[in-house]
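# Coordinate analysis (summary)
Take a look at the letters that make up each chain.
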Amino acid sequence: MRIGVYPGSFDPVTLGHLDIIERSSKIVDKLIVGVLNNNSKTPLFSATERVNMLKEVTSHIPNVEVQAFSGLLVDFAKKNDACIVVRGLRAITDFEYELQMSQTNRIISPDIDTIFFTTNLKYAYLSSSTVKEVAKFGGDISKFLPEKVISHMQEKFKEQ
Ligand code: ADP
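So, here is what we can say about the structure in this document. (Residues numbered from 1 in each chain as written. Predicted model: local features only at pLDDT ≥ 70, side-chain atom pairs only at ≥ 80, totals over all residues. Heavy atoms only, no water.)

### Focus on the packing of aromatic side chains
In the structure shown here, the tally under the stated rule is three aromatic pairs. Here the aromatic rings of Tyr6 and Phe10 are separated by 5.2 Å at their centres, their planes lie at 75°, and the arrangement is edge-to-face. A residue is classified by how much of its surface remains accessible, and Tyr6, at 5% relative accessible area, is buried. According to the relative accessible area criterion, Phe10 is buried, its value standing at 2%. Ring geometry for Tyr125 and Phe144: centres 6.0 Å apart, planes at 65°, overall edge-to-face. Of the two residues, Tyr125 sits in the loop between strand E5 (113–118) and helix H5 (128–136) while Phe144 sits in the loop between H5 and helix H6 (147–159), which places them 19 residues apart along the sequence. On the basis of relative accessible area, Phe144 is assigned to the buried category, the value being 17%. (Phe/Tyr/Trp six-rings, centres within 6.5 Å; stacked < 30°, edge-to-face > 60°. Buried < 20%, exposed > 50% of the residue type's maximum accessible area, 1.4 Å probe, protein only. Helix = DSSP H or I, 4+ residues; strand = E, 2+ residues; numbered from the N terminus.)

### What to know about a nonpolar patch on the surface
A contiguous nonpolar surface patch, about 300 Å² in accessible area, is contributed by Ile92, Phe95 and Leu99. If you trace the backbone, Leu99 turns up in helix H4 (residues 92–108). (Patch = residues over 30% accessible without salt bridge, like charges linked within 9 Å, V, L, I, M, F, W, Y side chains within 5 Å. Areas by Shrake-Rupley, 256 points an atom, 1.4 Å probe, with all protein chains shown as cover. Salt bridge = Lys/Arg side-chain N within 4 Å of Asp/Glu carboxyl O.)

Shown next, in the form of structure tokens:
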């Protein structure tokens with residue numbers, strides 16, 4: 001069984017992330033979306049909230065699972081018997097960081113390879129941080145997020 005891991009912060013999951021999940025889930029038997037629980041960052045949504053939102057928006061894809069993780073990505077991949085790491089590439093600015101990460105991971109764990117999906121041009125500009133900026137100032141975020149996530153964002157900003 002070929003298992004892939006798609007790691008990220010997903011704070012929150014955008015249409016760009018969902019596009020990568022839909023495309024990459026077709027080339028593996030099982031795709032595990034790994035939600036990074038990073039203590040050094042203060043996310044807008046807790047890891048549990050991010051996991052639940054991802055579960056909601058991927059419920060139509062039968063071979064996708066969502067889990068939170070902390071620590072090294074390669075350890076998370078190994079624990080789940082994954083041999084593929086999926087990442088998305090938007091622009092040249094992503095490339096340098098992604099290249100460095102994937103090479104480091106391969107040195108630590110030669111059995112795990114990274115596969116890159118180039119962004120859908122529709123979402124090439126899209127990042128969770130930009131969406132948060134727009135939402136913070138009351139802008140329209142409906143073109144950036146899956147429908148179910150929009151209401152979670154609105155509630156979060158009401159709370160704050
Ligand atoms: P990180 O904080 O690790 O960058 P993100 O949640 O922002 O995590 O992104 C996870 C992965 O999804 C990364 O590989 C990133 O390049 C990719 N990604 C994010 N937004 C898009 C998008 N609009 N199109 C394609 N890939 C994307």
